[in-house]
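Geometric and topological summary
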Amino acid sequence: MAGREVKHYKALYFDLCVKNLEKYYSAKNPRGAYQKIQKFLLRRKFSHEQYSGYHSEYKTTDLEIFDLVHEMSGELPWLAKCLNHFEVTNVGANHDLMHLFEEPIPEPDAM
């Protein structure tokens, strides 16, 4: 399968410059830009994890992510001027550890 790119779940993380949001997006509501980005990514089957982090709900290639970012910059033309940081990474297996907090943990023996 030479030449075929492997698909992975992807995580996107970004940071925006609020001063630039005020200049290029909206002086009255610069934080509204985060909602625009969220709406864009949710429509494309990404889940909002926390802050400015999103995970794909499907396996995808780097090339498909590059296309997504190109589409995003076309739909949100102010974004490129407001970014401090934007990265993508492959997501490995996620393991829910909440059950560990529900189990009683024995007290350590006093010395």
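Throughout what follows, the structure given in this document is the object of discussion. Bear in mind that the values here come from a model prediction, so they are computed numbers and not experimental data.

**A look at the packing of helix H2 (residues 32-43) against helix H3 (residues 62-75)**
Contact pair H2 / H3: the axes reach a minimum separation of 11 Å and the direction vectors enclose 140 degrees. Between H2 and H3, the angle is such that the two are oblique. Two packed elements cross with a definite hand, and for H2 against H3 that hand is right-handed. Each of Ile37, Phe40, Leu41 and Arg43 in H2 lies in contact with H3, whose residues at this interface are Leu68, Glu71, Met72 and Glu75. Taken together, the residues that form the contact of H2 with H3 break down as five nonpolar, no polar and three charged.

**As for the packing of aromatic side chains**
Inspection of the entire model under this criterion finds five aromatic pairs. Ring geometry for Phe14 against Phe86: centres 6.2 Å apart, planes inclined by 15 degrees, an arrangement best described as stacked. Of this pair, Phe14 sits in strand S1 (residues 9-16) while Phe86 sits in strand S4 (residues 83-91), placing them 72 residues apart in sequence. Take Phe86: its relative accessible area is 28%, and that puts it in the partly exposed class. Pairwise contacts between aromatic rings join Phe14, Tyr34, Tyr54 and Phe86 into one cluster. Across the ring face of Phe40, the terminal group of Arg44 is positioned such that the distance to the ring centre comes to 3.6 Å.

**What about the nonpolar core?**
Most often, soluble globular proteins have nonpolar side chains that are buried together. Counting residues in hydrophobic clusters, the biggest one holds 17 residues, and the most contacted among them are Ile37, Leu41 and Trp78. Counting only elements with at least two residues in this core, the list comes to S1, H2, H3 and helix H4 (79-82). The dominant element in this core, judged by the number of residues it contributes, is H2, at four residues. If we ignore the near neighbours within four places in the chain, the residues touching Trp78 are Leu21, Tyr24, Tyr25, Ala33, Lys36 and Ile37.

**What about H3?**
Here H3 is 14 residues long and its end C-alpha atoms lie 20 Å apart, about the 20 Å a rise of 1.5 Å per residue gives. When H3 is considered as a whole, its buried residues turn out to be Ile65, Leu68 and Met72. Angularly, the buried residues of H3 cover 55 degrees about the axis, an arc narrow enough to put them on a single face. Residues Leu63, Phe66, His70 and Gly74 are exposed on H3 and point more than 90 degrees away from its buried face. Looking at the buried side of H3, the elements it contacts are S1, H2, strand S2 (46-50), H4 and S4.

**So, the side chain of Ser47**
Relative to the helices and strands, Ser47 resides in strand S2. Once residues within four sequence positions are removed from consideration, Ser47 is found in contact with Leu42, Gly53, Tyr54, His55 and Glu57.

**Topic: the pattern of salt bridges**
A full pass over the atoms with the stated rule returns four salt bridges. Taking the shortest distance from any N to any O, the salt bridge between Asp62 and Lys10 comes out at 2.5 Å. Placement of Asp62 in helix H3 and of Lys10 in strand S1 is noted, with a sequence separation of 52 residues between them. The residue Arg44 makes a salt bridge to Glu75 at a minimum N-O spacing of 3.4 Å. Taken together, the positions of Arg44 in the loop between H2 and S2 and Glu75 in helix H3 put the pair 31 residues apart, joining distant regions of the chain. The exposure class of Glu75 is partly exposed, given its relative accessible area of 38%. One salt-bridge network, held together by shared partners, links Arg43, Arg44, Glu71 and Glu75.

About the cut-offs
- Residues numbered from 1 in each chain as written.
- Predicted model: local features only at pLDDT ≥ 70, side-chain atom pairs only at ≥ 80, totals over all residues.
- Heavy atoms only, no water.
- Axes fitted to C-alpha atoms, helices over the stretch in contact; angles between N-to-C directions.
- Helix = DSSP H or I, 4+ residues; strand = E, 2+ residues; numbered from the N terminus.
- Parallel < 35°, antiparallel > 145°, perpendicular 65-115°, else oblique.
- Left-handed = near helix turned anticlockwise from the far one by under 90°.
- Contact = heavy atoms within 4.5 Å.
- Nonpolar A, V, L, I, M, F, W, Y, C, P; charged D, E, K, R; others polar.
- Phe/Tyr/Trp six-rings, centres within 6.5 Å; stacked < 30°, edge-to-face > 60°.
- Buried < 20%, exposed > 50% of the residue type's maximum accessible area, 1.4 Å probe, protein only.
- Lys NZ or Arg CZ within 6 Å of the ring centre and 35° of its normal.
- Core = buried A, V, L, I, M, F, W, Y, C linked by side-chain atoms within 4.5 Å.
- Expected span 1.5 Å × (residues − 1).
- Arc of directions from axis to C-beta.
- Salt bridge = Lys/Arg side-chain N within 4 Å of Asp/Glu carboxyl O.

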